[in-house]
Every structure is written in structure tokens, then in C-alpha cells.
Amino acid sequence: MFGRSWRIATIRGIPVNVDSSWIWIAVLLTYSLWAQFDAIDGGGGPGSALVFAVFGAVLFFGSVFLHEFAHAVAARANGLKVFGITLVVFGGFTSTQSDEKGPGPSFVISAVGPGTSLALGAVFWALSRSTAGVDDVLSATFGYVGWVNLIMAGFNVLPGLPLDGGRMLEATVWRVTGDRQRATRIAARAGMVVGGLLVAISLFELTRRESFGALWLAIIGMFVFQGARASEQQIGIRDRLARGTVADAMGPPPSAVPADMTLSEALDRYLRGRESEGFPVVEDGRVIGMLSFASAREVGKDDPLRPVRDAVVPLSQVLTAEVDEPLERLAGRLGPAGTALVLRDGELVGAISSSGVVRWATSRG
């Protein structure tokens, strides 16, 4: 499968992607808020509660985006290129090489995310107070999003990788010791401790019959623990990546769609049943962009016989790599679950994923 997320926007040249897991989170969050708001006296009934639930979910996802966008802005302010923002089930990640400029900029880039969440929490708390007694459901909506942002800020500053607080700890130890690998190891082990503590707290919550909260704490704790362990394992991998190129770790290219094929035929041959994937579009032997189910359906709804070239996502918005690009640099752009097309002078020669990069580096260990 090529691609596991959808691009929803490009803001100031930064691609913003949404992982498919967000669909389920959006549904669960909206239902949970609807149930809470529908129970408020004078709330206007189920229909009004649903409107506020959707509004609350939009504010929540917007807050997560602003948290990640703050990282991106700080990275650019420090002269670093930002390759994209991807929103995933536990929040999101910003693809940039934040440690490229040293521990100082790395600390700042990591700190602005929780700082943004803290500021948003204060804003929504103030809005909740100002609307109390005027519209109880609106006040509850602002209050909920405010608390979520405060929790997000507090959780993210916990001192352990892969959290922002772990990256701040890593940058601090790196600055004090001058040893980046030692700093990563300390921050990763701190993350494993944090993850273990979260799982322990979840078990305690189970004894109090708080099963829903305990389940989420356990899932988050395991996520943090696994992320921290992966960060420690990447210490040796980082050195090996510096010696490899994309050509060493790439796989075969995905199926390409001819630019002059009709959208109707492309939908039947490539896209139906694979709606979350994207396919490279080739014209005169060169890749000109990507075709997605959404772009094909939107352009082809009035005239399905239009050529594929009319519906491509421009190559400037597609993650690509050159065959001679260093793997260390590409890894920062891919993020933990990305995939890139591999090109040689515009010609499609392969594809490379973050998991493929890790497998290559591990096999050289």
C-alpha cells in the first residue's frame, strides 16, 4: 500500500496530512461530546448538542494542528526546512531535522509546542468563563477544549522521548555534555520510565473501576514506552544512515498511471478499493505528480473521459527523494510512517518507506 494518510492542505508551503486513524478518533470524540452536551439542562436537545459536539471536535483538532504548526514555525525561524505535518491518533508530528542546528534550536523547537497548547488552554478557559450563564453548552465546549489543551501541554512536557519534554531533556543534556548520543540515550530511558509509570497508573485506575480512563492511560503509556525504546535503538542506526544513500534502501517503484489515460479507466484499474492510496502519474517517462481517488473523482465527476493529467496532485506537493540522497537526511523528511517516490532526473525508479530505511540500517548493524 502506497500512502497511509491524506493531504488536506498546504499552508505556507508546508503539507498538512491526516492519518486515517483520525476518522475513528473524530467519530468517538464527537459521540462522547454529544452525550455530555445532551445531558446539560436547557441545552436545546440532541440536535443542538450534536452541533456543539462537532464544533468542539473541530476546536480540538485545530488545537492539535496549532501545536504542530508552532513546531514548524519555530523550525523555519531557525533556518530549518519543514517537510510536512502529519496528524495521527495520539496527536501529530512535524517532519524536520530539529537537531541539525544544535541543542539550542532543538530545545526551542520542542518547547513551543507545549507552550502553544498552554496558551490555547488559557484562551479557552477564559472563553468558558465569559460564556458561563449565557450559554451553558457553549461554555462547556470551551471548557472541555481548554482542559484538553492544558492536559496536552502537561503531558507533552514529561521528560522522556518521544514527547516534546523528552526532546527538551535531550537538548539540555546534549548542551551540558556535548555528547548527542549520550543525551539521546538518557532521554530515551527516561521515556521508558514515563511510559512504565503511565501503565502502572492505569492499573491503579482499574482497581477504582475507572476502566475507560485506565484503558487510555495504558495505550498512551505503551505508545510512549515503545517510542522511547525505538529512540534508543536509533542511536546506532543514525550513524549507519549517514553512510547510506536512498539507492541502498529503496524498493521497486509503485504502479504508475499514464497521464493520457481517462479518469474513468484509472478509477477502475487503479483506485477503486484502494481509496486511501496514491499513484504516481507519468508522462513522457517523467513523473508529473500523484493521482488520488479524491482528485480523480472531483475532476472526473462531470467528465469521466478527461485525462488523468487534469487531476494530478502537483509533484511539488509529493514527497520525493533522489537516488543519491543521504539516508540520514531523508529519514528526517519521512517521519515515522512516511513513503517517498524515488526519482532519477525526473524518472520514477523506486519507492522508499521509513520502515524500509530502518530495515536497511538494522541489517547493517
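Described in the following lines is the structure provided in the data block. (Residues numbered from 1 in each chain as written. Predicted model: local features only at pLDDT ≥ 70, side-chain atom pairs only at ≥ 80, totals over all residues. Heavy atoms only, no water.)

The next thing to look at is the side chain of D164. Looking at the secondary structure, you find D164 in helix α5 (residues 164-177). Nearest to the buried, unbridged D164 among oppositely charged side chains is R167, at 5.4 Å. Looking at D164, its side chain comes within polar contact range of the side chain of H67, at 3.0 Å. Residues in contact with D164, not counting those within four places in the same chain, are H67, H71, S110, G113, P114 and N156. (Helix = DSSP H or I, 4+ residues; strand = E, 2+ residues; numbered from the N terminus. Buried < 20%, exposed > 50% of the residue type's maximum accessible area, 1.4 Å probe, protein only. Lys, Arg positive; Asp, Glu negative; His and termini not counted. Salt bridge = Lys/Arg side-chain N within 4 Å of Asp/Glu carboxyl O. Polar contact = N/O pair within 3.5 Å; in protein donor to acceptor, adjacent residues only side chain to side chain. Contact = heavy atoms within 4.5 Å.)

Now for the pairing of strand β4 (residues 91-96). The buried fraction of β4 is high, at 5 of 6 residues. In terms of strand pairing, strand β3 (residues 82-88) meets β4 through 6 bridges, oriented antiparallel. Opposite T86, over in β4, you have F93 as the bridge partner. (Pairing = 2+ DSSP bridges.)

Contact pair helix α2 (residues 45-77) / helix α4 (residues 136-156): the axes reach a minimum separation of 10 Å and the direction vectors enclose 25°. Here α2 is positioned roughly parallel relative to α4, judged by the angle of their axes. Seen from above, α2 lies across α4 with right-handed handedness. Within the contact between the two elements, α2 uses F52, F55, G56, L59, F60, S63, V64 and H67 and α4 uses V137, L138, T141, F142, V145, V148, N149, M152 and N156. Looking at the contact of α2 with α4 residue by residue, the class counts come to 11 nonpolar, 6 polar and no charged. (Axes fitted to C-alpha atoms, helices over the stretch in contact; angles between N-to-C directions. Parallel < 35°, antiparallel > 145°, perpendicular 65-115°, else oblique. Left-handed = near helix turned anticlockwise from the far one by under 90°. Nonpolar A, V, L, I, M, F, W, Y, C, P; charged D, E, K, R; others polar.)

At a minimum axis separation of 8 Å, helix α1 (residues 21-38) and α2 run at an interaxial angle of 135°. With respect to α2, the axis of α1 lies oblique. Here α1 runs over α2; the crossing is right-handed. Listed contacts from α2 to W22, I25, A26, L29, T30, L33, W34, F37 and D38 of α1 are G45, P46, A49, L50, F52, A53, V54, G56, A57, F60, F61 and V64. When its residues are assigned to classes, the contact of α1 with α2 shows 17 nonpolar, 3 polar and 1 charged.

Once that is clear, we can look at the pattern of salt bridges. Here the structure, examined in full by the defined rule, presents 9 salt bridges. Where E265 meets R269, a salt bridge forms, and the shortest distance between an N and an O atom there is 3.1 Å. Of the two residues, E265 and R269 are both situated in helix α9 (residues 263-271); the distance of 4 residues between them amounts to about one turn of the helix. The exposure class assigned to E265 is partly exposed, which follows from its relative accessible area of 33%.

That bond from L161 to P162 is cis: its omega, 10°, falls within 30 degrees of zero. Take P162: it is sitting in the loop between α4 and α5. In the Ramachandran plot, R12 falls in the positive-phi region, its phi being about 55° despite a non-glycine side chain. With respect to the helices and strands, R12 occurs in the loop between β1 (5-11) and β2 (14-19).

With that settled, the discussion passes to the packing of aromatic side chains. Inspection of every chain in the model, using the stated rule, returns 6 aromatic pairs. Plain terms: the ring middles of F65 and F69 are 5.4 Å apart, the flat faces sit at 25° to each other, and that makes the pair stacked. Separated by 4 residues within a single helix, F65 and F69 lie in helix α2, roughly one turn from each other. Take F65: its relative accessible area is 16%, and that puts it in the buried class. Three or more aromatic residues link up through ring pairs in this structure, and these residues are F55, F124 and F142. The positively charged end of R180 is found above the aromatic ring belonging to W174, 5.7 Å away from the centroid. (Phe/Tyr/Trp six-rings, centres within 6.5 Å; stacked < 30°, edge-to-face > 60°. Lys NZ or Arg CZ within 6 Å of the ring centre and 35° of its normal.)

Everything listed here is a matter of coordinates, which is why it stays silent on function.
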